[in-house]
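# Report on the structure
Okay, here's what each chain looks like letter by letter:
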Amino acid sequence: LLSGSFDWLVTIDPHLHRYKSLSEIYTIPATVLHAATLLSAWIGANVLRPFLIGPDAESAQWVSEVAKRIDAPFAVLEKTRLGDRNIEVRLIDGIDMTGRTPVLVDDIIASGTTMLKAVRLVRRLSTHQPVCVAVHGLFADGSDRQLQDAGARLVTSNSVPHVSNAMDVGGMLADATSQMAQTIK
């Protein structure tokens, strides 16, 4: 549908876990931007002594990149999917978050199921309020309220309008769009 309707595509951190690149999906020129710089800047400026946590193996790429940029420790939880919205998360290794603020990092919060399970686990391990940081906050079925009710603070980019938007992707989109438009001419 997109390839037949548009000349090119610029997107930020698409959920491509089953594909290596957008060229496997689209026939039009496509550019993928990464928001790790934005996430790193926000966490570095707003969270004292962060301990980054990926709620599942798919989040490892974001968590490790952000942790490296702000020189923070990190861990990735292990997720077992028992059904569409029935999952379990657990620590692979014990982690020590003493004196640190847990920051759960992912590309997207859609149904919120994985993030909610991760928040509940982290709440048992830390006295600090967990912060959920995501590039895209879809928050289906009121998952934003569920996460907040579980004690989490929510922070997302403005790729999807929401009250949790604290990171602006406008500049990176504008730059990439301008570059793409110049390339296609």
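Let me begin by describing the structure that accompanies this report. Because the structure is a prediction, the values reported are computed rather than measured.

## Here we look at the overall build of the chain
Scanning the chain from N- to C-terminus turns up six helices and ten strands. At 17 Å, the chain has a C-alpha radius of gyration in line with the 16 Å of a compact globule built from 185 residues. Seen through its C-alpha atoms, the chain measures out along the principal axes to roughly 55 × 35 × 30 Å. Residue burial in the chain is summarised as follows: out of 185 residues, 42% are buried. Once local pairs closer than 6 in sequence are excluded, the contacts in the chain between residues at least 24 apart make up 56%. Taken as a whole, the chain presents about 9,900 Å² of accessible surface, with 49% of it coming from carbon and sulfur.

## Structural notes on the side chain of Asp-107
Tracing the sequence through the fold places Asp-107 in strand β7 (residues 101–109). The buried charged residue Asp-107 lacks any salt bridge partner; its closest oppositely charged side chain belongs to Lys-79, at an N-O distance of 9.1 Å. A distance of 2.7 Å separates polar atoms of two side chains, one belonging to Asp-107 and the other to His-15. Ignoring anything within four residues of it in the chain, the contact list for Asp-107 reads Asp-13, His-15, His-17, Trp-62, Ala-134, Val-135 and His-136.

## Comments concerning unusual backbone geometry
For Arg-49, which is not glycine, the phi dihedral falls at a positive 50°. Of note, Arg-49 is situated in the loop between α2 (36–46) and β3 (50–54). For Arg-49, a relative accessible area of 42% gives the class partly exposed. Although it is not a glycine, Phe-139 adopts a positive phi angle of roughly 55°. With respect to the helices, strands and loops of the structure, Phe-139 is situated in the loop between β8 (131–137) and α5 (143–149).

## Some words on helix α4 (residues 113–125)
If you check α4, its first and last C-alpha atoms are 19 Å apart, about what 13 residues at 1.5 Å a residue would give, namely 18 Å. Among the residues of α4, Thr-113, Thr-114, Met-115, Leu-116, Ala-118, Val-119, Leu-121 and Val-122 are the ones counted as buried. Summarising the contacts, the buried residues of α4 are in contact with β3, β5 (78–83), β6 (86–90), β7, β8 and α5.

## Notes on the layout of surface pockets
By volume, the largest pocket amounts to about 460 Å³. Around the largest pocket, the lining comprises 20 residues; the ones closest to its centre are His-15, Lys-79, Arg-81, Ser-111 and Thr-114. Among the secondary structure elements, those contributing two or more residues to the lining of the largest pocket are β5, β7 and α4. With four residues, the single largest contributor to the lining of the largest pocket is β7. Split into classes, the residues belonging to the lining of the largest pocket amount to five nonpolar, six polar and nine charged. For the lining of the second largest pocket, the leading source of residues is helix α3 (residues 60–70), giving three residues. Of the residues belonging to the lining of the second largest pocket, the class tally is five nonpolar, three polar and two charged.

## So, the nonpolar core
Leu-39, Trp-42, Ile-43, Leu-52, Val-103, Val-105 and Val-133 are the most contacted members of the largest nonpolar core, which has 25 residues in total. Within the residue set of this core, elements represented by two or more residues are β1 (9–12), α2, α3, β7, β8 and α6 (170–184). Leaving out residues up to four positions away in the same chain, Val-133 has contacts with Leu-39, Trp-42, Ile-43, Val-103, Leu-104, Val-105, Asp-106, Val-155 and Met-167. Ranked by size, the runner-up nonpolar core spans 21 residues in total, among them Phe-51, Ile-87, Met-97 and Cys-132.

Calculation rules
- Residues numbered from 1 in each chain as written.
- Predicted model: local features only at pLDDT ≥ 70, side-chain atom pairs only at ≥ 80, totals over all residues.
- Heavy atoms only, no water.
- Helix = DSSP H or I, 4+ residues; strand = E, 2+ residues; numbered from the N terminus.
- Rg over C-alpha atoms; globule rule 2.2 N^0.38 Å.
- Buried < 20%, exposed > 50% of the residue type's maximum accessible area, 1.4 Å probe, protein only.
- Contact = heavy atoms within 4.5 Å.
- Areas by Shrake-Rupley, 256 points an atom, 1.4 Å probe, with all protein chains shown as cover.
- Lys, Arg positive; Asp, Glu negative; His and termini not counted.
- Salt bridge = Lys/Arg side-chain N within 4 Å of Asp/Glu carboxyl O.
- Polar contact = N/O pair within 3.5 Å; in protein donor to acceptor, adjacent residues only side chain to side chain.
- Expected span 1.5 Å × (residues − 1).
- 1 Å grid on protein atoms, 1.4 Å probe; cavity = no way out; pocket = protein on both sides within 12 Å on 5 of 7 lines; lining within 4 Å.
- Points joined across faces, edges and corners; volume = space filled by probe spheres on them.
- Nonpolar A, V, L, I, M, F, W, Y, C, P; charged D, E, K, R; others polar.
- Core = buried A, V, L, I, M, F, W, Y, C linked by side-chain atoms within 4.5 Å.

None of this, on its own, says anything about what the molecule does.
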